[in-house]
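Chains, contacts and geometry: an overview
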Amino acid sequence: MKEKIIEVMNKANPNIGDDFELDLMKEELIDSLEIVNIVMDLEDAFNIEIDPELVIPENFNTMNNILQLIESIVG
Amino acid sequence: MRKIESYEKYSEIVNLFKQNNAHTQTNNFFMPEEVERFAGLERLYYDEFEGCLIIYLDEESHYHAVMYAVDGCRPSFVTDKPVFMRNIYRDGKRDKEAGILTKVLEDAGFVKDATTFNVRGYYEDVFPSLQRIERYVRALEKKGFSCIYTGPDEYSKVDELVLASGIIRKFHYSFKTDEERNSITPGCYLSVHNRDGKLCAANICDLKDGKAFGVAAAIIPEYKLTGLAPMLSYYRFNWMKEHDVQYVDSWIAENNEPSIKYHFGIGYKKMKRYADEWILNER
């Protein structure tokens with residue numbers, strides 16, 4: 001799962017790398033357009049649907065939080 | 001300050017000044033139809049000094065001024081309201097194209113507020129990248145977000161939202177009479193509401209002669225980074241298609257990294273035009 005997340009994130013911005021603790025908002029590595037693209041790519045990669053209400057900065061500010069979000073949806 | 005009553009009077013003043021002063025520099029980009037309209041609304045004034053002609057457009061809260069100047073002139077500016085001025089120049093030619101004007105403004109006490117540059121979003125470049133997010137736009141709509149053409153009764157609310165965001169300042173707004181506001185092309189103001197009808201985001205542009213000029217887009221803080229900005233862009237470019245608009249021009253402050261990244265991310269191109277923005281007597 002982690003590898004897939006790294007792949008999706010680096011497709012949106014190759015500067016993100018593989019640090020799951022990195023604060024993506026603080027480092028200005030993702031903006032609103034990239035979040036939308038990331039959401040759609042994660043949906044495709046994991047065959048899930050991410051509720052737009054879950055698309056909030058707190059769920060996307062680190063890859064760890066994205067991982068937790070995906071795990072909570074996948075179950 | 002003396003009032004300019006008509007376009008003919010304006011032409012006479014400008015032409016006479018240019019005849020009497022060789023090597024003038026100007027930042028005057030008023031179009032004839034604008035001059036005619038502003039003169040008709042009694043919003044256009046001028047002051048003349050040795051080597052300098054200043055034209056003021058009264059924007060209620062401030063003046064938007066333009067000038068013609070020769071090297072070394074020392075004009076006086078009005079002091080009853082802030083004065084806003086823009087010097088536009090091409091890539092790398094600030095000294096040559098805006099040099100004299102810059103010196104006049106500095107000597108008069110103007111403070112440089114920002115340097116902006118021109119970006120342009122061609123429909124054919126930008127729309128494909130926005131089509132990709134259509135699925136997400138539909139998901140937002142299923143959750144109760146709706147992007148609508150703002151009605152005239154909500155223009156002020158949208159203006160307030162945009163100004164409160166700090167993305168643009170009052171100096172970037174052109175004052176409009178009630179009649180002008182009522183004749184704005186539907187869709188120039190776009191707004192996003194949530195399922196409770198709360199205004200969450202907005203986008204404003206002007207439409208003139210088949211060309212769109214992006215004024216600003218703003219999202220209220222609690223909805224930032226939730227995809228509403230791309231949703232607005234998606235609707236803006238659909239609106240452009242409906243109105244046969246080929247491109248939208250915008251100006252972005254050089255230090256506004258998020259906005260620069262966003263615009264280039266969806267396919268806007270950087271044009272080789274810059275504008276220094278100067279303000280006098282800001283309180």
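Residues numbered from 1 in each chain as written. Chains lettered and ligands numbered in written order. Predicted model: local features only at pLDDT ≥ 70, side-chain atom pairs only at ≥ 80, totals over all residues. Heavy atoms only, no water.

Re the pattern of salt bridges
Scanning the entire structure with this criterion turns up 27 salt bridges over all chains. Glu154(B) serves as the salt-bridge partner of Lys157(B), at 3.4 Å between the closest nitrogen and oxygen. Overall, Glu154(B) belongs to the buried group, its relative accessible area being 15%. A single salt-bridge network, built from bridges that share partners, covers Lys11(A), Asp41(A) and Arg132(B). (Salt bridge = Lys/Arg side-chain N within 4 Å of Asp/Glu carboxyl O. Buried < 20%, exposed > 50% of the residue type's maximum accessible area, 1.4 Å probe, protein only.)

Focus: unusual backbone geometry
A positive phi angle is found at Asp209(B), which is not glycine, with a value near 50°. With a relative accessible area of 69%, Asp209(B) lands in the exposed category.

As for the confidence of the model for chain B
Chain-level statistics for chain B give a pLDDT mean of 94 and a share of 100% at 70 or above. On the interface metric, ipTM, the complex scores 0.81, and its pTM is 0.88. (pLDDT = per-residue confidence, 0-100.)

Some remarks on the environment of Gly109(B)
All names here are of chain B. Within the secondary structure, Gly109 sits in the loop between helix H3 (94-108) and strand E7 (111-122). Overall, Gly109 belongs to the partly exposed group, its relative accessible area being 42%. When the C-alpha positions of Gly109 and Val245 are compared, they lie 40 Å apart, and in sequence the two are 136 residues distant. Contact partners of Gly109, with chain neighbours within four places excluded, come to Ile279 and Leu280. (Helix = DSSP H or I, 4+ residues; strand = E, 2+ residues; numbered from the N terminus. Contact = heavy atoms within 4.5 Å.)

Points about helix H4 (residues 123-131) of chain B
Residue and element names in this part refer to chain B. All of the buried residues along H4 are Tyr123, Val126, Phe127 and Leu130. For H4, the angular spread of the buried residues around the axis is 100°, confining them to a single face. Of the surrounding elements, those touching the buried residues of H4 are E7, helix H5 (134-142), helix H8 (228-242) and strand E12 (247-253). (Arc of directions from axis to C-beta.)

Points about the packing of helix H1 (residues 2-12) of chain A against helix H2 (residues 32-46) of chain A
All names here are of chain A. Put simply, H1 and H2 touch, their axes get as near as 9 Å, and they point 145° apart. Judged by the twist between their axes, the crossing of H1 over H2 is right-handed. Contacts from Lys4, Ile5, Val8, Met9, Lys11 and Ala12 in H1 reach Glu34, Ile38, Asp41, Leu42, Ala45 and Phe46 in H2. Its residues assigned to classes, the contact of H1 with H2 comprises 8 nonpolar, no polar and 4 charged. (Axes fitted to C-alpha atoms, helices over the stretch in contact; angles between N-to-C directions. Left-handed = near helix turned anticlockwise from the far one by under 90°. Nonpolar A, V, L, I, M, F, W, Y, C, P; charged D, E, K, R; others polar.)

Some details on the interface of chain B and chain A
Each partner contributes to the interface: chain B provides 18 residues, whereas chain A provides 24 residues. Taken together, both faces of the contact between chain B and chain A bury some 1800 Å²; the carbon and sulfur share is 61%. Joining chain B to chain A, the criterion identifies 6 salt bridges. Taken together, the links from chain B to chain A amount to 7 residue pairs in polar contact (both at pLDDT 80 or more). (Buried area = accessible area lost by both parts, 1.4 Å probe. Polar contact = N/O pair within 3.5 Å; in protein donor to acceptor, adjacent residues only side chain to side chain.)

A few points about the pairing of E7(B)
Residue and element names in this part refer to chain B. Pairing of E7 with strand E13 (residues 269-280), which is carried by 8 bridges, proceeds in the antiparallel orientation. Each residue of the ladder has a partner; that of Val111, found in E13, is Ile279. Note: E7 against E12, 7 bridges, orientation antiparallel. From the neighbouring strand, Gly121 faces E12, where its bridge partner is Val248. (Pairing = 2+ DSSP bridges.)

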